[in-house]
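Observations on the three-dimensional arrangement
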Amino acid sequence: MGVRSRVPVRERASTYGNLGTIVLGIAGPIAGLALSRLADHLPAAAGPLSRLTAGIVLYGAGLAAVAVGYLALTGRLDDLRRGSAGPRRVRLVVATTAGLVCAWVVAVTGLAVLGVPFAGNALTSQAEDGLRVSLPLLAALSLVVIAPTEELLYRGVVQTSLYDVTSRPAAVFLASVPFALAHLPTLYADTTAPSAVALSLAAVFGLSLAFGWLHARTDDLLVPVAVHGGYNCAVFCLLYVTGV
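Here goes a summary of the coordinates provided. Fair warning: this is a prediction, and the values are worked out from it, not measured in the lab. (Residues numbered from 1 in each chain as written. Predicted model: local features only at pLDDT ≥ 70, side-chain atom pairs only at ≥ 80, totals over all residues. Heavy atoms only, no water.)

1. Here's the deal with the packing of aromatic side chains
All chains considered together, the criterion is met by three aromatic pairs. When the ring of Phe173 is compared with that of Phe205, the centres are 5.3 Å apart and the planes differ by 80°; the resulting orientation is edge-to-face. Here Phe173 is found in helix 7 (residues 168-182), whereas its partner Phe205 is found in helix 9 (residues 194-218), with 32 residues between them in sequence. When the ring of Phe179 is compared with that of Phe211, the centres are 6.5 Å apart and the planes differ by 80°; the resulting orientation is edge-to-face. Residue Phe179 is located in helix 7, and its partner Phe211 is located in helix 9; the two are separated by 32 residues in the primary sequence. In this structure Phe179 comes out as buried when scored by relative accessible area, which is 2%. Residue Phe211 is classed as buried on the basis of its relative accessible area, which comes to 1%. Taken together, the ring pairs connect Tyr154, Phe179 and Phe211 into an aromatic cluster. A cation sits over an aromatic face here: Arg155 above Phe179, 5.1 Å from the ring centre. Taking the ring centre of Tyr163 as reference, the NZ or CZ of Arg168 above it sits at 4.0 Å. (Phe/Tyr/Trp six-rings, centres within 6.5 Å; stacked < 30°, edge-to-face > 60°. Helix = DSSP H or I, 4+ residues; strand = E, 2+ residues; numbered from the N terminus. Buried < 20%, exposed > 50% of the residue type's maximum accessible area, 1.4 Å probe, protein only. Lys NZ or Arg CZ within 6 Å of the ring centre and 35° of its normal.)

So, in structure tokens, the structure goes:
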């Protein structure tokens, strides 16, 4: 005869609900992609940069709407409170960003020397197709749209909710799964080679682990936002300076 669980129903429901926030990591990008399609309906006079900007802003709006909507409905907006700022935190942001950028330079250079293909993304592919001026724009949008909205959803909602039901290392890992999967469409937009996509997907997962570790360590959403935005911005600027 089986042993009945002694965990109260409400507690089990809360656990399932918090684990269920992982689903929001997929729902957010779906909402974002749906909204970004509106950019295709801009007037014909709108240039490619205007469409790119509108698409990214609308995508970010979709992520933010899902995140804020969930936090408001569950009364968890206080989860977004920031920790105490200070020189030590600034040094952490600068050091981590610099380390990630250096790792990117070494990895890309090494893969190029070895002739190992890897996927870019739908955004950088536009620069490769001749819209190189989009890279400085993407650098700016990374700071004000991409990093804030992605971190709001994946660290501010998914990972923070998982703290209630599992260890912090496990929460960092679990929140990184939907984060990486959400980038699959943009990776496949650059190439359909499975090995190249898998390699880049692993890199995105690794970046998410770094952002998640920062949040788990500081309980401050602004820290992973700053590192995420700084990293993306630096990469886009390097691509622009070195030529795509």
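2. A closer look at helix 2 (residues 21-36)
The terminal C-alpha atoms of helix 2 lie 23 Å apart, and with 16 residues this matches the ideal 22 Å at 1.5 Å per residue to within 8%. For helix 2, the set of buried residues is Thr21, Leu24, Gly25, Gly28, Pro29, Gly32 and Ser36. (Expected span 1.5 Å × (residues − 1).)

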